[in-house]
Amino acid sequence: MRVAVVHGPNLRLLGRREPEVYGTETLEDIDRKLDELAGELDVELERFQSNHEGELLDFVDEASARVEGFLINPGALTHTSVALRDALTGVGRPFVEVHLSNTAGRERFRHRSFLAPVASGVVYGFGTQSYLLGLRGLVARLRA
Ligand code: DQA
């Protein structure tokens, strides 16, 4: 089983970006922990990060031929992007949305997710653990 991990805008800044909100772990730390878990779960991962909406749409399209599902932190595009939602529904692969922070407890504009209604599930507020819980949930869903 192969899954794509997609990191949206500004997530490459993790470690130095608002550590009081996002913690001090870097994207590389998160990817390493995901790799360890993927080994345990016997899943292959590929990953992609972009600050550009169009590149993310292209990746979702192209990767959908290779992967069975997506684990995605869409960053701020969560709250703005109908296009990313349409890409994910368009390719017809299950996806799980994850966020490091508890978006429901932050500014009002972060409360709405365009993706959540069409996601298999959403995990937010657990820092790096959101990704690990999200991967477990996605794999369970794909194997069900
Ligand atoms: C985020 C939450 C978003 O509101 C924000 O724009 C991000 C990170 C999170 O992981 O907590 O870039 O997706």
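Below is a summary of the structure that appears in this document. (Residues numbered from 1 in each chain as written. Predicted model: local features only at pLDDT ≥ 70, side-chain atom pairs only at ≥ 80, totals over all residues. Heavy atoms only, no water.)

### Topic: the nonpolar core
Line of reasoning, step 1. With 24 residues, the main nonpolar core has Leu34, Leu45, Leu71, Tyr131 and Leu135 as its most contacted residues.
Line of reasoning, step 2. When residues of this core are traced back to their parent elements, those giving at least two are β1 (2–7), α2 (27–41), β4 (95–99) and α5 (128–143).
Line of reasoning, step 3. In this structure Leu34 touches Val5, Leu45, Arg47, Leu71, Tyr131, Leu132 and Leu135, once residues within four positions along its chain are discounted.
Line of reasoning, step 4. If you look at the next biggest cluster of nonpolar residues, it comprises 17 residues, including Val6, Phe59, Ala63 and Leu88. (Core = buried A, V, L, I, M, F, W, Y, C linked by side-chain atoms within 4.5 Å. Buried < 20%, exposed > 50% of the residue type's maximum accessible area, 1.4 Å probe, protein only. Helix = DSSP H or I, 4+ residues; strand = E, 2+ residues; numbered from the N terminus. Contact = heavy atoms within 4.5 Å.)

### Here we look at the pattern of salt bridges
When the charged atoms of two side chains with opposite charge come close together, those side chains can pair.
Line of reasoning, step 1. The full count for this structure, using the stated rule, is 10 salt bridges.
Line of reasoning, step 2. In this structure, the salt-bridge partner of Glu25 is Lys33, at a minimum N-O distance of 2.6 Å.
Line of reasoning, step 3. A relative accessible area of 24% means that Glu25 is categorised as partly exposed.
Line of reasoning, step 4. Owing to a relative accessible area of 29%, Lys33 belongs among the partly exposed residues under this scheme.
Line of reasoning, step 5. Ionic pairing is found between Arg110 and Glu107, a salt bridge with its closest N-O pair at 2.7 Å.
Line of reasoning, step 6. What makes Glu107 partly exposed here is its relative accessible area of 34%.
Line of reasoning, step 7. It is possible to trace a salt-bridge network through shared partners that takes in Arg2, Glu44, Glu46 and Arg66. (Salt bridge = Lys/Arg side-chain N within 4 Å of Asp/Glu carboxyl O.)

### Considerations on a negative patch on the surface
Line of reasoning, step 1. A surface patch of like charges, here negative, comprises Glu55, Asp58, Asp61 and Glu62.
Line of reasoning, step 2. Locating Glu62 in the fold gives a position in helix α3 (residues 53–63). (Patch = residues over 30% accessible without salt bridge, like charges linked within 9 Å, V, L, I, M, F, W, Y side chains within 5 Å. Areas by Shrake-Rupley, 256 points an atom, 1.4 Å probe, with all protein chains shown as cover. Lys, Arg positive; Asp, Glu negative; His and termini not counted. Charge placed at Lys NZ, Arg CZ, Asp CG, Glu CD.)

### Structural notes on the packing of α2 against α5
Packed helices, taken two at a time, are described by the angle between their axes plus the distance between the axes.
Line of reasoning, step 1. It is at 10 Å that the axes of α2 and α5 come closest, and there the two elements cross at 30°. Between α2 and α5, the angle falls in the class roughly parallel. Of the two possible hands of crossing, α2 and α5 adopt the one that is right-handed. For the pair α2 and α5, contact is made by Ile30, Lys33, Leu34, Leu37, Ala38, Glu40 and Leu41 and by Thr128, Tyr131, Leu132, Leu135, Arg136, Val139 and Arg143, respectively. (Axes fitted to C-alpha atoms, helices over the stretch in contact; angles between N-to-C directions. Parallel < 35°, antiparallel > 145°, perpendicular 65-115°, else oblique. Left-handed = near helix turned anticlockwise from the far one by under 90°.)

### Notes on the site of the ligand
Line of reasoning, step 1. Neighbouring residues of the ligand: Arg17, Tyr22, Asn73, Gly75, Ala76, His79, His99, Leu100, Ser101, Thr103 and Arg110.
Line of reasoning, step 2. At 3.0 Å from an oxygen atom of the ligand is found a side-chain nitrogen or oxygen belonging to Arg17.
Line of reasoning, step 3. One of the backbone N or O atoms of Leu100 is found 2.8 Å from an oxygen atom in the ligand.
Line of reasoning, step 4. Contact with the protein chains removes 99% of the 320 Å² of surface that the ligand exposes when unbound.
Line of reasoning, step 5. Along the lines of polarity and charge, the residues of the shell around the ligand split into 3 nonpolar, 6 polar and 2 charged. (Near = heavy atom within 4 Å. Polar contact = N/O pair within 3.5 Å; in protein donor to acceptor, adjacent residues only side chain to side chain. Nonpolar A, V, L, I, M, F, W, Y, C, P; charged D, E, K, R; others polar.)

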